[in-house]
Amino acid sequence: MTEQTPAIDGRQFRTVLGQFCTGITVITALDPAGEPIGFACQSFAALSLDPPLVLFCPTKGSRSWAAIEAAGRFCVNVLSEEQQPVCARFGSRETDKFAGVSWHTSELGVPVIDESLATIECTVDSVVDGGDHYIVIGRVHALSESATTGGRPLLFYRGQYTGIEPDKTTPAPWRADLDHFLTTTSLDTWL
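Every value quoted in this text rests on a predicted model; they were computed, and no experiment measured them.

**With respect to the overall build of the chain**
- Of the regular secondary structure elements, the chain holds 4 helices and 12 strands.
- Burial statistics for the chain: of 191 residues in total, 30% are counted as buried.
- Put simply, 61% of the contacts in the chain that link residues at least 6 apart link residues at least 24 apart.
- For the chain, the computed accessible surface area is about 12,500 Å², with 55% contributed by carbon and sulfur atoms.

**Concerning the packing of aromatic side chains**
- Counted according to the given criterion, the structure contains 5 aromatic pairs.
- Geometrically, the ring pair formed by F39 and F56 is tilted, given 6.0 Å between the ring centres and 50° between the ring planes. One end of the pair, F39, is in strand 3 (residues 36-41); the other, F56, is in strand 5 (residues 53-56), with 17 residues separating them in the sequence.
- Both rings, one in F90 and one in F98, keep their centres 5.0 Å apart while their planes meet at 85°; by these two values the pair is edge-to-face.
- A relative accessible area of 1% means that F90 is categorised as buried.
- Here the aromatic residues F39, F56, W65 and F74 are joined through ring pairs into a cluster of three or more.
- Here the guanidinium or amino end of K60 rests over the ring plane of Y134, the centre of that ring lying 5.3 Å away.

**Section: the pairing of strand 4 (residues 44-48)**
- As paired strands, strand 4 and strand 5 are joined by 4 bridges and run antiparallel to one another. What sits directly across from A45, in strand 5, is L55.

**Things to note about the sheet that holds strand 5**
- The strand order 3-2-6-9-10-5-4 describes an open sheet built from 7 strands, whose pairing is antiparallel. Of all strands in the sheet, those with a lone pairing partner are strand 3 and strand 4, marking the two edges. When the angles between neighbouring strand axes are averaged without regard to direction, this sheet yields 35°.
- Pairing between strand 2 (residues 25-30) and strand 3: 6 bridges, direction antiparallel. The residue of strand 3 that forms the bridge with A29 is I37.
- Against the sheet, helix 2 (residues 63-71) touches strand 2, strand 3, strand 5, strand 6 (73-78), strand 9 (118-130) and strand 10 (133-145), its axis set at about 120° to strand 3.

**What to know about unusual backbone geometry**
- D50 connects to P51 through a cis peptide bond whose omega is 5°.
- When you line up the elements, P51 lands in the loop between strand 4 and strand 5.
- Of note in the backbone geometry, E115 takes a positive phi value of approximately 70° without being a glycine.
- A relative accessible area of 62% means that E115 is categorised as exposed.

**What to know about the sheet that holds strand 11 (residues 155-157)**
- Taken together, 3 strands build an open sheet; the order of strands is 1-11-12 and the sheet is antiparallel. What marks the edges here is a single partner per strand, and that holds for strand 1 (22-23) and strand 12 (160-162).

**Some words on the pattern of salt bridges**
- Enumeration according to the criterion identifies 4 salt bridges in this entry.
- The residue K60 makes a salt bridge to D129 at a minimum N-O spacing of 2.3 Å. On the criterion of sequence distance, the pair formed by K60 in the loop between strand 5 and helix 2 and D129 in strand 9 is long-range, its members being 69 residues apart.
- On the accessibility criterion, K60 (33% relative accessible area) is partly exposed.

**Notes on the pairing of strand 6**
- The pairing of strand 2 with strand 6 spans 4 bridges and is antiparallel. Paired with I27 across the strands is V76, a residue of strand 6.
- Direction of pairing for strand 6 relative to strand 9: antiparallel, over a ladder of 6 bridges. Opposite F74, over in strand 9, you have C122 as the bridge partner.

Scoring rules and cut-offs
- Residues numbered from 1 in each chain as written.
- Predicted model: local features only at pLDDT ≥ 70, side-chain atom pairs only at ≥ 80, totals over all residues.
- Heavy atoms only, no water.
- Helix = DSSP H or I, 4+ residues; strand = E, 2+ residues; numbered from the N terminus.
- Buried < 20%, exposed > 50% of the residue type's maximum accessible area, 1.4 Å probe, protein only.
- Contact = heavy atoms within 4.5 Å.
- Areas by Shrake-Rupley, 256 points an atom, 1.4 Å probe, with all protein chains shown as cover.
- Phe/Tyr/Trp six-rings, centres within 6.5 Å; stacked < 30°, edge-to-face > 60°.
- Lys NZ or Arg CZ within 6 Å of the ring centre and 35° of its normal.
- Pairing = 2+ DSSP bridges.
- Axes fitted to C-alpha atoms, helices over the stretch in contact; angles between N-to-C directions.
- Salt bridge = Lys/Arg side-chain N within 4 Å of Asp/Glu carboxyl O.

Below, the structure written as structure tokens:
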């Protein structure tokens, strides 16, 4: 028997899922001609510690994704709240999204946007169908944090940019109980 899924209104879907606050990244690579390409992406997450894997979800119609897939390697640039103009540029239809953006090429051969809070350099491990998007799994080869210790992430919530409270700029001390919770699975793990 085939189960029917009720029609979901696209606007309501976005509004309801907009209740989940996300960070904003820019996924970058060099196209086959060696030109930098990239797009703004809020569907990014850590996937596995061993092996180190991350995932992001580009829309199937993305020209940037097609070039990144062909390159086989990419960088996830985690944006700071000061980089809202960078996010707007990479979320636009501009042909040269890197114009006016400070960046350099890493040892892995991917564009790294300067002043990002963090960068994660990866190779494409696998690609899975995800409706109107792909689920791209990347194998992490290098990562780094910004030397600026007081930076705050650029966040997206309820359809607009937002940030965290000004006094919340110092990372919490590492807690062993959370390390165990985040890395151990059992029958009662809901994560």
